[in-house]
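# Coordinate inspection notes
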Amino acid sequence: MPAQEESEPVRPLPFAPRPVALSATLAVNEAIARKRREGVRVLPLGFGEAGIPIHPALTRELGGAAGRGGYGPVAGSAALRAAAAGYWSRRGLPTDPSTIVAGPGSKPLLYALLTSLGGDVVVASPSWVSYAAQASLVGAEPIRVATPRGEGGVPSPALLADAVVRARARGREVRAVVVTLPDNPTGTIASEQTVRRLCAVAREHGLAIISDEIYRDLVHEPGRQVPSPARYAPERTVVTTALSKNLAAGGWRLGVARLPDGPFGRALRDSLLGVASEMWSSAPAPMQHAAAYAFAEPPELVEHVDRSRRLHAAITGAVADRFAAAGALVTRPEAAFYVYPDFGPVRDELCAAHGVRTAADLTDLLLERYGVGVLPGSSFGDAPSALRMRVAPSQLYGDDDEQRLAALASPAPAALPWIADALNRLSDVLADLSATVTAGEPVPA
């Protein structure tokens, strides 16, 4: 860097950069890393990463395409779009490749979609942290609407209609609603009846629907169907997915969106491609090649996903049992790798023993005293006073690929020594957490 000329005065800039908080799901990773550097024994239950190794067939395909350095079409390669169309068609959503747009992850696709749609956005409360954050970043207002009890990811249809009417009465232009099927953070699946009613409200009030279905291949019960709104309101529903959850390729950053057919869908595609052309030009060509292989669903990858589904079901179920034993209300996870316990029933005990009044108080206590990293429900749009948290147990599968592969292959992964040790540690922490002040010293971290 050239030295400052003595004759040039140093002038501070007359403005500050726009304050944008680090995503809570990434911030908790940094907090856990800090505790590790301090020598604390940690339980990493905060970050929503699938926790399984990349299948060798995928790395083979990626390596074979490493020499592909050209940009390629903005919408994605013909091979990838055809494979993604086949993926959705096999799930009961007949799809033409022309309606597919690829991007460097489903998060950039969501941001581009919100930019193209314009207007305010309804999001479920609770819902994944980035929905509301991205709406704010594009200059929209995120309108939070509670979900039906036990059905995460989809705003209550009756409350949705009321929220849209109220927002428009105060001059807001509400254009879209975002749903998650299955849900992050709760690990539940909205019912078909709820999704149908939501689609009816969207039609009545002129809303587009963005359906994030990135966890749909990780439903715990074999054969259970995910009620995509694209079945019931195909003319207005965008569906997104990626490789990051079912195939644990989050770092590869490759996602796809299925746009509606018809006039609205074609206009949205034109706009989305315009935004994409200015933001990322095209998704990485080697990743597109590997993704085309993945979305074609060869038998070895189907088996790999099925094994991961069984692993997620076993460990989230075991973790849910630990929280229930500690007095929390827990809706049994139905998909993905999340548990969403509610400590409301032991609020008084937690306040008396530990001064806990908010979800953030509770999760800070778990991290600082016990080395347990989880996220407060308030990060997902819950009221701060609601003592709920998102727990992501997928980082317990192992410290290396040898352990993770053993967990994938095991018929009883919760009994594997390293997983059983983590679960027992969690039980000890939760037992101490719910004890009174006079019950003894805290469990050492």
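Residues numbered from 1 in each chain as written. Predicted model: local features only at pLDDT ≥ 70, side-chain atom pairs only at ≥ 80, totals over all residues. Heavy atoms only, no water.

## Some words on the nonpolar core
- One finds Phe-323, Phe-343 and Leu-433 to be the most contacted residues of the largest nonpolar core, which totals 76 residues.
- Here this core takes eight residues from helix α11 (residues 299-325), the largest share from any one element.
- When residues of this core are assigned to domains, at least three fall in each of domain 1 (24-53 + 301-434) and domain 2 (68-296).
- The residues contacting Phe-343, other than those within four sequence positions of it, are Phe-323, Ala-328, Leu-350, Leu-362, Leu-387, Met-389, Leu-430 and Leu-433.
- In this structure, Val-40, Leu-117, Val-121 and Leu-268 belong to the second largest nonpolar core, which totals 36 residues. (Core = buried A, V, L, I, M, F, W, Y, C linked by side-chain atoms within 4.5 Å. Buried < 20%, exposed > 50% of the residue type's maximum accessible area, 1.4 Å probe, protein only. Helix = DSSP H or I, 4+ residues; strand = E, 2+ residues; numbered from the N terminus. Domains from an automatic or database assignment. Contact = heavy atoms within 4.5 Å.)

## Let's talk about the sheet that holds strand β7 (residues 237-242)
- What the seven strands build is an open sheet, ordered β2-β8-β7-β6-β5-β3-β4; its pairing is mixed. One side of each edge strand has no neighbouring strand; the edge strands of this open sheet are β2 (100-103) and β4 (142-146). Between one strand axis and the next, the sheet turns by 25° as a mean value, whatever way the strands run.
- In terms of strand pairing, β7 meets strand β8 (residues 255-258) through four bridges, oriented antiparallel. Bridged to Ala-242 within β8 is Gly-255. (Pairing = 2+ DSSP bridges. Axes fitted to C-alpha atoms, helices over the stretch in contact; angles between N-to-C directions.)

## Brief notes about the domain arrangement of the protein
- Segmentation of the protein into domains returns domain 1 (24-53 + 301-434) and domain 2 (68-296).
- Computed over C-alpha atoms, the centres of domain 1 and domain 2 are 27 Å apart.
- Listed per partner, the contact involves 28 residues of domain 1 and 30 residues of domain 2.
- Buried area between domain 1 and domain 2, both sides added, is near 2,400 Å², and the carbon and sulfur share of it is 60%.
- Three residues stand out in domain 1 for area buried against domain 2, namely Arg-309, Glu-334 and Phe-380, and they jointly supply 27% of the buried area on that side.
- Viewed at the interface, domain 2 and domain 1 are joined by one salt bridge. (Buried area = accessible area lost by both parts, 1.4 Å probe. Salt bridge = Lys/Arg side-chain N within 4 Å of Asp/Glu carboxyl O.)

## Overview of the UniProt feature "domain: Aminotransferase class I/classII large" (unreviewed entry) in the protein
- When the UniProt feature table is mapped onto this chain, "domain: Aminotransferase class I/classII large" (unreviewed entry) is found at residues 66-392.
- From the first C-alpha to the last, residues 66-392 spans 33 Å; its make-up is 42% helix and 13% strand. (UniProt positions renumbered as here; feature names shortened; annotations may be inferred.)

## So, the pairing of strand β5 (residues 174-180)
- For β5, the buried fraction is high: six of the seven residues fall into the buried class.
- Looking at chain direction, strand β3 (residues 120-125) and β5 are connected through four bridges and run parallel. Pairing of Val-121 across the sheet is with Ala-176, part of β5.
- The pairing of β5 with strand β6 (residues 208-212) spans five bridges and is parallel.

## Focus: the side chain of Thr-188
- Locating Thr-188 in the fold gives a position in the loop between β5 and α7 (192-204).
- Polar side-chain contacts of Thr-188 include one of 2.8 Å to the backbone nitrogen of Gly-152.
- Separated by 2.7 Å, the side chains of Thr-188 and Thr-186 make a polar contact.
- The contacts of Thr-188, once residues within four sequence positions are left out, are Gly-150, Glu-151, Gly-152, Pro-182, Asp-183, Thr-331, Arg-332 and Glu-334. (Polar contact = N/O pair within 3.5 Å; in protein donor to acceptor, adjacent residues only side chain to side chain.)

## Some details on the packing of aromatic side chains
- Scanning all chains against the criterion turns up seven aromatic pairs.
- Aromatic pair Tyr-87 and Phe-295: ring centres 5.3 Å apart, planes at 75°, arrangement edge-to-face. You can see Tyr-87 sitting in helix α3 (residues 78-89) and its partner Phe-295 sitting in helix α10 (residues 285-295), a full 208 residues away along the chain. Both residues of the pair, Tyr-87 and Phe-295, count as buried.
- Their ring planes at 45° and their centres at 5.0 Å tell us that Phe-337 and Tyr-338 sit as a pair that is tilted. Judged on exposure class, the residue Phe-337 and its partner Tyr-338 are both buried.
- Above the face of the Tyr-87 ring, Arg-91 is positioned so that its terminal group lies 3.7 Å from the ring centre. (Phe/Tyr/Trp six-rings, centres within 6.5 Å; stacked < 30°, edge-to-face > 60°. Lys NZ or Arg CZ within 6 Å of the ring centre and 35° of its normal.)

## Regarding the pairing of β2
- Side-chain alternation along β2 places Ile-100 and Ala-102 on one buried face and Val-101 and Gly-103 on a second face that is also buried.
- Direction of pairing for β2 relative to β8: antiparallel, over a ladder of four bridges. Paired with Ala-102 across the strands is Val-256, a residue of β8.

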